[in-house]
Amino acid sequence: MSPAPNSRLAIDPSTQLPSIQSFGELNHFLRSAMADEESLQLADGMGGLSVSIEAVLSRLKPPGGPAEAATQLIDLMTTLREHRALVIGLSPAWRGLYEYASYLAALNNFRVLIGQWLLPPGHGDAVPVQDIGLEDFELIAWRTLGEGMLLIDMHEQLRGQMPVESESGTLDATQLERARSWWGRLRK
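These numbers come from a predicted model, not from an experiment. The numbers attached to residues start from 1 for each chain and follow its sequence in the written order. This being a predicted model, a pLDDT of at least 70 is required before a residue's local features are given, and a value of 80 or more before pairs of side-chain atoms are given or counted; all residues contribute to the totals for chains, interfaces and linings. Only heavy atoms go into the side-chain values, all of them from the structure, while hydrogens and water stay out.

Enquirer: Help me out: how do you make sense of helix α3 (residues 70-88) in this one?
Expert: Counting along an α-helix, one turn takes 3.6 residues, and residues three or four places apart therefore face a common direction. Elements are defined by DSSP. Helices are runs of H or I of four residues or more, strands are runs of E of two residues or more, and each kind is numbered from the N terminus. Take the residue count of a helix, subtract one, and multiply by 1.5 Å to get its expected span. Along its 19 residues, α3 runs 27 Å from first to last C-alpha, staying within 8% of the 27 Å computed at 1.5 Å per residue. For the exposure calls, accessible area comes from a 1.4 Å probe over protein chains only, and a residue counts as buried if that area is under 20% of its type's maximum, exposed if over 50%, partly exposed in between. Along α3, the residues classified as buried are Q72, L73, L76, M77, T79, L80, H83 and V87.

Listed below in structure tokens is the structure:
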């Protein structure tokens, strides 16, 4: 028996549930779990996002703060815009999924949050930095990437399903004649 594929998530021994504990683990999982080209591109884009998010989080942790993370936030914003453009360019098979619109909305909301952090205090409707803590930023980042994982998962599931072909072509003459007879009796 061959070993299990590397695309499985690690099982947390305390809960017996699959677990990803860092954005790096998420990046590794995404790279190993994809099958088609668009899924791979989307996973690579999400991997880039996770690397940028990790960079921001490392700068936001005390004694740092948003001012020290400005460069990383700008890099994250750039990566986010590039990834959003990739998502918008996906084929119609993706756009028909409910999860597509949900992921696109999550990306837009995350972009708005980052933009608000980059605005100087007192500028328009910007949310004061102190109102959005490190935990909130990390939570929003995980939720955004979770939406993307759900989109990829649904696409992979639907792609893996083979369309059920009609079995009418496999009917023999006897079955076909019985069906015609039955249909004829219904029409009387």
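Enquirer: I keep staring at helix α5 (residues 98-118) and nothing clicks. Help me out?
Expert: The terminal C-alpha atoms of α5 lie 31 Å apart, and with 21 residues this matches the ideal 30 Å at 1.5 Å per residue to within 8%. For α5, the full list of buried residues reads E99, Y100, Y103, L104, A106, L107, F110, L113, I114 and W117.

Enquirer: Even after reading the chapter, I still don't get the environment of I140, so can you show me in this structure?
Expert: On the secondary structure map, I140 appears in helix α6 (residues 134-160). The partly exposed category is assigned to I140, whose relative accessible area is 30%. Taking C-alpha positions, I140 is 8.6 Å from A106, a pair spaced 34 residues apart along the chain. By definition in these notes, contact holds between two residues if any of their heavy atoms fall within 4.5 Å. In contact with I140, other than residues within four places in its own chain, are F110 and L113.

Enquirer: I tried to follow the confidence of the model for the protein on my own but got confused; where do I start?
Expert: As a note on interpretation, predicted positions should not be read in detail where pLDDT is low. This prediction gives the protein a mean pLDDT of 77; 68% of its residues lie at or above 70. Segment residues 1-7 is flagged for pLDDT under 50; beyond a separation of four residues in sequence, or across chains, it makes 5 contacts in the model. Confidence of the predictor at the level of single residues is given by pLDDT, which spans 0 to 100.

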